[in-house]
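# Breakdown of the fold
Chain by chain, the residues:
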Amino acid sequence: MAILTEARRVVVKIGSALLVDRATGALRTDWLEAISEDIHALKARGADVVLVSSGSIALGRVILKLRMTQLALEQSQAAAAVGQISLARAWQQALAPHGLTAAQILVTLEDSADRRRYLNMRATMDTLLGFGVVPIVNENDTVATDEIRYGDNDRLAAQVAVTVGADLLVLLSDVDGLYTGNPNSDPEARRLDVVTEITPQIEAMAGDAGSGLSKGGMKTKVMAAKTATASGCAMIISHGAEMHPLRRLTEGAPFTLFTPHLDPHAARKRWIAAMKPQGTLRVDDGAARALAAGKSLLPAGLRTVEGDFGRGEPVTIRTLAGQTLGQGLTRYTAAEARAIAGHHSSEIEQILGYPGRAVLIHRDDMAV
């Protein structure tokens, strides 16, 4: 399967029903070890891998001896707090024999809705991937209530894929793709191998959740596909319960592929370019040449700051003569940018009184 073997950055979503035995509530350690081998194979060929892993509540409720029924919010949050430790440890132990380091990242919907938090999360994950780490992302169920919840890890996985600029999102499910009807009740239902456009007819084919442990149904997977493909990320729905589910994809296991509309980097640049700027940064000729060469904007090249903006907000970048060079998301407020303008990155902590980012606008957050 070329798309999996060629993708440079892959996000894999793993649901509770795959990680935890439904009858006993025990962790499926043999399955976890098998997919860890698959992840190692992806890493060995040079791909970055991010995992979006459910399972904390499912594991925690067993430890707390809670019944396998609908839990009250505070019970779910307590189970998540207990289970998250077991989940992180399980991933750490499964990946370690392959020389892989795991990192835990807990997020809520607010973290992607707030531009400042979004940039911080993006910078952290980029740094972890640069170190060769496998980030394990989950919703922060201990603090997330309805108004700040993703509600399902399919949509969370799509947002993570957008955040890290992934080429491919793989949703491992209890079905092997999107069908024209419910394959359990409709003998005429057929799997769609490729979806190039998510039409109302495609959305109408999506059903609801069928697992006692999973909250996400096909409807949430199609919603995730809309988010991912609009940002240039391909998405696959495939059956995940068997051993080595990622390797099986390369060997011809069935799946549904949702094709992207744009390259993920081009999609992100277009998104940044379409934002309304909140201020203007004027840079010297050296900085202008660096930007043209694909470099990030450093404080040393900044000369003047116009407007009042916060961290993570879009600003226009211009030369001292007024030529527009592009637009980007700043990692500093207007006041901070004025204070560090013209200074080297090594001087930022002394000037501001606290450590800061080395760059003013990262090249990945800039449309030149």
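Residues numbered from 1 in each chain as written. Predicted model: local features only at pLDDT ≥ 70, side-chain atom pairs only at ≥ 80, totals over all residues. Heavy atoms only, no water.

Identification of the chain as Glutamate 5-kinase from Maliponia aquimaris is taken from an unreviewed UniProt entry. According to its UniProt record, the chain has this under Sequence similarities (unreviewed entry): "Belongs to the glutamate 5-kinase family." The Catalytic activity (unreviewed entry) comment attached to the chain in UniProt states, word for word, "L-glutamate + ATP = L-glutamyl 5-phosphate + ADP". (UniProt positions renumbered as here; feature names shortened; annotations may be inferred.)

## What about the pattern of salt bridges?
All told, the structure shown has 16 salt bridges when counted by the stated rule. A salt bridge links Asp365 to Arg122; its shortest N-O distance comes to 3.4 Å. Note that Asp365 is positioned in the loop between α15 (348–352) and β13 (366–367) and Arg122 in helix α7 (residues 115–130), a separation of 243 residues in sequence. Each member of the pair, Asp365 together with Arg122, is buried. Linking Arg191 and Asp193 is a salt bridge whose minimum nitrogen-to-oxygen distance equals 3.0 Å. Judged by its relative accessible area of 26%, Arg191 falls in the partly exposed class. Salt bridges here are not isolated pairs; linked through shared partners, they connect Arg122, Arg331, Asp364 and Asp365. (Salt bridge = Lys/Arg side-chain N within 4 Å of Asp/Glu carboxyl O. Helix = DSSP H or I, 4+ residues; strand = E, 2+ residues; numbered from the N terminus. Buried < 20%, exposed > 50% of the residue type's maximum accessible area, 1.4 Å probe, protein only.)

## Regarding the sheet that holds β13
Spatial strand order, β10-β9-β11-β12-β13: five strands in an open sheet with mixed pairing. The open sheet has two edge strands, β10 (302–307) and β13, and neither has a second partner. As paired strands, strand β12 (residues 324–329) and β13 are joined by two bridges and run antiparallel to one another. When the sheet's bridge partners are listed, Gly328 is paired in β13 with Met366. On the sheet, helix α13 (residues 285–292) packs against β9 (279–283), β11 (314–319), β12 and β13 and is oriented at approximately 105° with respect to β9. (Pairing = 2+ DSSP bridges. Contact = heavy atoms within 4.5 Å. Axes fitted to C-alpha atoms, helices over the stretch in contact; angles between N-to-C directions.)

## Considerations on the domain arrangement of the chain
Here the chain is described as being made up of domain 1 (2–264) and domain 2 (275–367). Each partner contributes to the interface: domain 1 provides seven residues, whereas domain 2 provides 11 residues. The junction of domain 1 with domain 2 conceals about 760 Å² of combined surface from both sides, 50% of it contributed by carbon and sulfur atoms. Sorting the residues of domain 1 by area buried against domain 2 places Arg115, Arg116 and Leu119 first, and these three jointly supply 63% of that buried surface. Summed over the shared surface of domain 1 and domain 2, the number is two salt bridges. Residue Arg122 is joined to Asp364 by a salt bridge in which the shortest nitrogen-to-oxygen separation is 3.9 Å. On the surface where domain 1 and domain 2 come into contact, there are two residue pairs in polar contact (both at pLDDT 80 or more). Split into classes, the residues belonging to the side of domain 1 that touches domain 2 amount to two nonpolar, one polar and four charged. (Domains from an automatic or database assignment. Buried area = accessible area lost by both parts, 1.4 Å probe. Polar contact = N/O pair within 3.5 Å; in protein donor to acceptor, adjacent residues only side chain to side chain. Nonpolar A, V, L, I, M, F, W, Y, C, P; charged D, E, K, R; others polar.)

## A short note on the nonpolar core
Counting residues in hydrophobic clusters, the biggest one holds 36 residues, and the most contacted among them are Val11, Val137, Val160, Leu169, Leu178, Met235 and Phe258. Taken together, the elements giving at least two residues each to this core come down to β2 (48–53), β3 (102–107), α7, α8 (153–164), β5 (168–173), α10 (218–230) and β7 (234–239). Among the elements that line this core, the one with the most residues is α8, at six residues. Non-local contacts of Val160, meaning those with residues more than four positions away in its chain, are made with Val11, Val50, Val52, Met125 and Val137. In terms of nonpolar packing, the next biggest core, distinct from the first, is built from 33 residues, Val10, Trp91, Leu246 and Leu257 among them. (Core = buried A, V, L, I, M, F, W, Y, C linked by side-chain atoms within 4.5 Å.)

## What about the packing of α7 against α8?
The angle between the axes and the distance between the axes are what describe a pair of packed helices. Look at α7 against α8: their axes get within 9 Å of each other, and the N-to-C directions meet at 75°. Considered as vectors, α7 and α8 are oriented roughly perpendicular to each other. Here α7 contributes Tyr118, Met121, Arg122 and Met125 to the contact with α8, which in turn contributes Gln159, Val160, Val162, Thr163 and Val164. Class assignment of the residues belonging to the contact of α7 with α8 gives a composition of six nonpolar, two polar and one charged. (Parallel < 35°, antiparallel > 145°, perpendicular 65-115°, else oblique.)

## Focus: unusual backbone geometry
Across residues other than glycine, the phi torsion is negative in most instances, and most of the peptide bonds are trans. We note that Lys65 has phi near 60°; this positive angle belongs to a residue other than glycine. Among the secondary structure elements, Lys65 is positioned in the loop between α4 (56–63) and α5 (73–95). Lys65 sits in the exposed class, given a relative accessible area of 72%. Located in the positive-phi region is His244, a residue other than glycine, with phi close to 55°. For His244, the location among the structural elements is in the loop between β7 and α11 (245–250). For His244, a relative accessible area of 13% puts it in the buried group.

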